[in-house]
Amino acid sequence: MSIAQNIERITAQLPQGVKLVAVSKFHPIERLQEAYAAGQRIFGENRAQELAAKAPQMPSDVEWHFIGHLQKNKARMIMPWASTIQSIDSTELLQLVNKEAARIDRHVNVLLQLHVAKEQTKSGFTVEEVLKAASEGAFSNLSNVTITGMMAMATFTSDMEQVASEFEQVHDTFVKLRDNYFAGDERFKEISMGMSNDWPIAVQHGATLVRIGTDIFGQREY
Ligand SMILES: *Cc1c(COP(=O)(O)O)cnc(C)c1O
């Protein structure tokens with residue numbers, strides 16, 4: 001299957017309103033151009049250097065999403081390009097991103113990353129941490145950042161009940177935050193979850209953004 005066929009197959013299965021983020025990390029620019037030619041506009045990268053290197057080579061209507069762990073000293077590098085940073089995993093990073101965006105007079109959307117997976121290596125706020133931060137006002141009064149929702153990764157497992165329960169937990173937390181801290185703010189509406197191996201389950205549990213790499217571009221060569 002070609003990249004174009006893969007994109008067509010996946011988007012045909014996505015309910016209305018669910019957007020596809022093509023995760024292009026480790027793939028050369030020609031593959032991204034192929035996806036672009038097939039109509040794909042949202043691309044996700046997880047390393048700052050790679051995003052900053054690829055972005056200037058692609059048309060300006062591409063929407064770049066940063067989806068990896070963002071080291072504080074790399075925020076500046078992606079700020080001219082990223083329209084959404086999906087992986088805000090601490091209030092310190094959120095403050096820094098706001099400051100860096102203000103520095104170059106940009107505005108950036110962000111998602112709060114929730115840690116629901118079993119693997120300790122995955123980052124993000126725990127449910128308790130994100131609710132506590134919200135109650136302390138950490139998500140208000142940001143001049144150059146809009147919090148548009150939440151992002152999460154499920155445990156890498158073939159136990160799809162486990163995965164479903166983690167997605168359910170993300171959805172519940174999203175609803176709690178929305179109703180208690182973003183009431184009336186219609187910009188807080190995205191749930192980014194689901195990858196090549198679990199996106200249909202994520203969609204069943206309310207994902208509005210799915211992040212798919214392998215299923216579009218094939219295996220990555222590291
Ligand atoms: C790599 C990656 C994806 C895509 O993974 P695939 O299994 O290739 O679809 C999605 N989200 C994040 C955060 C990633 O790092």
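Our subject is the structure that appears above.
Residues numbered from 1 in each chain as written. Predicted model: local features only at pLDDT ≥ 70, side-chain atom pairs only at ≥ 80, totals over all residues. Heavy atoms only, no water.

The next thing to look at is the pattern of salt bridges. Evaluated as defined, the whole model comprises twelve salt bridges. The salt bridge partner of Lys54 is Glu50, with a shortest N-O separation of 2.7 Å. With a gap of four residues between them, Lys54 and Glu50 both fall in helix α3 (residues 48-54), about one helical turn apart. The exposure class of Lys54 is buried, given its relative accessible area of 7%. The structure contains a network of salt bridges with shared partners spanning Glu45, Arg47, Glu50 and Lys54. (Salt bridge = Lys/Arg side-chain N within 4 Å of Asp/Glu carboxyl O. Helix = DSSP H or I, 4+ residues; strand = E, 2+ residues; numbered from the N terminus. Buried < 20%, exposed > 50% of the residue type's maximum accessible area, 1.4 Å probe, protein only.)

Here the focus is the site of the ligand. As a structural note, the neighbourhood of the ligand is formed by Val23, Lys25, Ile67, Met153, Met195, Ser196, Arg211, Ile212, Gly213, Thr214 and Arg220. Contact distances for the ligand include 2.6 Å between an oxygen atom and a side-chain N or O atom of Thr214. Burial of the ligand by the protein chains amounts to 91% of its free accessible area of 390 Å². By residue class, the composition of the shell around the ligand is five nonpolar, three polar and three charged. (Near = heavy atom within 4 Å. Polar contact = N/O pair within 3.5 Å; in protein donor to acceptor, adjacent residues only side chain to side chain. Areas by Shrake-Rupley, 256 points an atom, 1.4 Å probe, with all protein chains shown as cover. Nonpolar A, V, L, I, M, F, W, Y, C, P; charged D, E, K, R; others polar.)

If you check helix α5 (residues 91-103), its first and last C-alpha atoms are 18 Å apart, about what 13 residues at 1.5 Å a residue would give, namely 18 Å. Every buried residue of α5 is listed here: Leu93, Leu94, Leu96, Val97, Asn98, Glu100 and Ala101. Contacts from the buried residues of α5 go to α4 (75-78), β4 (82-88), β5 (108-115) and β6 (145-153). Positioned one or two residues after α5, Asp105 has a phi angle of 60 degrees, which is positive. (Expected span 1.5 Å × (residues − 1). Contact = heavy atoms within 4.5 Å.)

Counting residues in each nonpolar core, the largest one holds 68 residues, and the members touching the most others are Phe43, Ile85, Val97, Phe139 and Ile147. A total of six residues in this core trace back to one element, the largest contributor, which is helix α7 (residues 160-181). What Phe43 contacts, discounting residues up to four positions off in sequence, is Val21, Ala22, Ser24, Leu32, Ala35, Tyr36, Met58, Val62, Glu63, Trp64, His65 and Phe217. Core analysis: the next-biggest nonpolar cluster, separate from the first, contains five residues, Val21, Ile42, Leu111 and Met151 among them. (Core = buried A, V, L, I, M, F, W, Y, C linked by side-chain atoms within 4.5 Å.)

Right, let's talk about the environment of Ala202 for a bit. Among the structural elements, Ala202 can be located in helix α8 (residues 199-204). Exposure remark for Ala202: the relative accessible area of 0% places this residue in the buried category. For the pair formed by Ala202 and Val145, sequence separation is 57 residues and the distance between their alpha carbons is 26 Å. Excluding residues within four positions of it along the chain, Ala202 makes contact with Phe167, Met193, Gly194 and Ala207.

To continue, consider the pairing of β6. Every regular strand shows the same layout, with side chains that alternate between the two sheet faces. Among the nine residues in β6, eight count as buried, and that is most of the element. Strand direction decides the pairing type here: β5 and β6, joined by eight bridges, are parallel. Each residue of the ladder has a partner; that of Leu112, found in β6, is Met150. In this region the chain leaves β5, passes through helix α6 (residues 127-135) and returns to the parallel neighbour β6; the handedness of that crossover is right-handed. Two strands pair when backbone bridges link them, and β6 and strand β7 (residues 190-192) are joined in this way by three bridges, in the parallel orientation. The residue bridging Met151 from the neighbouring strand is Ser192, located in β7. Viewed along the sheet, the connection from β6 through α7 into β7 turns out right-handed. (Pairing = 2+ DSSP bridges. Right-handed = clockwise from strand over helix to strand, strands pointing away.)

What follows deals with the layout of surface pockets. Considered as a void within the structure, the largest pocket measures approximately 490 Å³ in volume. If you trace the largest pocket, you find 22 residues lining it, with Lys25, Ile67, Met153, Met195 and Arg220 closest to the centre. Of all the secondary-structure elements, those providing two or more residues to the lining of the largest pocket are β6 and β8 (209-212). Considering only residue class, the lining of the largest pocket consists of seven nonpolar, eleven polar and four charged. (1 Å grid on protein atoms, 1.4 Å probe; cavity = no way out; pocket = protein on both sides within 12 Å on 5 of 7 lines; lining within 4 Å. Points joined across faces, edges and corners; volume = space filled by probe spheres on them.)

Turning our attention to helix α1 (residues 3-13). Three- or four-residue spacings in an α-helix give side chains the same orientation, since the helix completes a turn every 3.6 residues. For α1, the complete set of buried residues consists of Ile3, Asn6, Ile7 and Ile10. Summarising the axial view, the buried residues of α1 lie within an arc of 95 degrees, below the 170-degree limit, and thus occupy one face. In α1, the exposed positions angled more than 90 degrees off the buried face are occupied by Glu8 and Ala12. Residues of α1 that are buried sit in contact with β1 (19-23), α2 (29-37), α8, β8 and α9 (214-217). (Arc of directions from axis to C-beta.)

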